[in-house]
Amino acid sequence: MAAFNWINVDAPCPGCGQLSRIRCQTHVASGYSGDGSGRFHDREYELGEQMAWWPRDHDEFDGWRANRMQAAPEGSSFDEEACYASCQSCGAALFAVVRFHEVTPEQVLAIGAEANWPDGYLK
């Protein structure tokens, strides 16, 4: 079983059409290990909020990536993940493509019905 965290965003839901809270499950900066603040698992974050993870000078820092793009750029400080997501208003099963700069979720690039999972991203 894989560790994960949650990214919460406010966006129009493709299911109900309402501006809703969309809860996105991410594998970025997640693990069952942790530091003094606890495990790097099952935490909630907002866009722009740095996620709890090892410091940059720690041997495990580079493990922050989810590597969920089929062709992730080598050596880049960015990663993108198509995350399983759900609308907190209507319960629609969705995906959200989230762009991360190191351990910070920066932007949602796309939201859609889970049945329309975007090409180029692993499930």
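Owing to the predicted nature of the structure, the values given are computational and were not obtained by experimental measurement.

Asks: What is the right way to read the overall build of the protein from this model?
Replies: Helix and strand counts for the protein stand at 0 helices and 8 strands. The helix and strand sequence of the protein, counted from the amino end, reads β-β-β-β-β-β-β-β. A compact globule built from 123 residues should have a C-alpha radius of gyration of about 14 Å, and the protein, at 14 Å, falls within 12% of that. Dimensions of the protein along its principal axes, counting C-alpha atoms only, are 45 × 30 × 25 Å. Relative to its full complement of 123 residues, the protein shows a buried share of 45%. Within the protein, residue pairs in contact and separated by at least 24 positions form 47% of the contacts whose partners lie at least 6 positions apart. Accessible area of the protein: about 6,500 Å², with a carbon and sulfur share of 46%. Counting 9 positive and 18 negative side-chain charges, the protein places the centres of these two groups 4 Å from one another.

Asks: Sorry if this is basic, but what is going on with the nonpolar core here?
Replies: As a rule of thumb, nonpolar side chains are buried together in soluble globular proteins. If you look at the biggest cluster of nonpolar residues, it comprises 26 residues, and the most contacted ones within it are Ile22, Cys24, Met51 and Trp53. Of the residues forming this core, the biggest block, 4 residues, is contributed by strand E7 (residues 93-101). Ala82, Phe95, Val97 and Trp117 belong to the second largest nonpolar core, which has 5 residues in total.

Asks: What should I look at first to understand the state of the cysteines in this one?
Replies: Covalent bonding between the sulfur atoms of two cysteines is what defines a disulfide. A complete count under the given rule lists 0 disulfides for this structure. In this model cysteine 90 remains outside any disulfide bridge; the closest cysteine sulfur is found in cysteine 87, 3.8 Å from its own. The class for cysteine 90 is partly exposed, based on a relative accessible area of 39%.

Asks: What's the story with the sheet that holds strand E8 (residues 104-113) in this structure? I'm lost.
Replies: In any sheet, the strands associate via hydrogen bonds between backbone groups, in a parallel or an antiparallel arrangement. Taken together, the 6 strands give an open sheet; going across it, the order is E5-E1-E2-E6-E7-E8, and neighbouring strands pair in mixed fashion. Looking at the sheet topology across the chains shown, the edges are occupied by strand E5 (44-46) and E8. Averaged over neighbouring strand pairs, the angle between their axes works out to 35 degrees when direction is ignored. In this sheet, E8 lies alongside E7 in antiparallel orientation, the contact comprising 8 bridges. Residue pairing across strands places phenylalanine 95 opposite glycine 112, the latter belonging to E8.

Asks: Would you take a moment to explain the pattern of salt bridges for this structure?
Replies: A side chain of one charge can pair with a side chain of the opposite charge if their charged atoms are brought near each other. One pass over the structure, following the stated rule, counts 5 salt bridges. Here glutamate 102 makes a salt bridge to arginine 56, at a shortest N to O gap of 2.2 Å. A residue pair is termed long-range when its members are at least 10 positions apart, and glutamate 102 in the loop between E7 and E8 and arginine 56 in the loop between E5 and strand E6 (78-87) qualify at 46 residues. Through salt bridges with shared partners, one network takes in Asp10, Arg21 and Glu46.

Basis of the calculations
Residues numbered from 1 in each chain as written. Predicted model: local features only at pLDDT ≥ 70, side-chain atom pairs only at ≥ 80, totals over all residues. Heavy atoms only, no water. Helix = DSSP H or I, 4+ residues; strand = E, 2+ residues; numbered from the N terminus. Rg over C-alpha atoms; globule rule 2.2 N^0.38 Å. Buried < 20%, exposed > 50% of the residue type's maximum accessible area, 1.4 Å probe, protein only. Contact = heavy atoms within 4.5 Å. Areas by Shrake-Rupley, 256 points an atom, 1.4 Å probe, with all protein chains shown as cover. Lys, Arg positive; Asp, Glu negative; His and termini not counted. Charge placed at Lys NZ, Arg CZ, Asp CG, Glu CD. Core = buried A, V, L, I, M, F, W, Y, C linked by side-chain atoms within 4.5 Å. Disulfide = S-S within 2.5 Å. Pairing = 2+ DSSP bridges. Axes fitted to C-alpha atoms, helices over the stretch in contact; angles between N-to-C directions. Salt bridge = Lys/Arg side-chain N within 4 Å of Asp/Glu carboxyl O.

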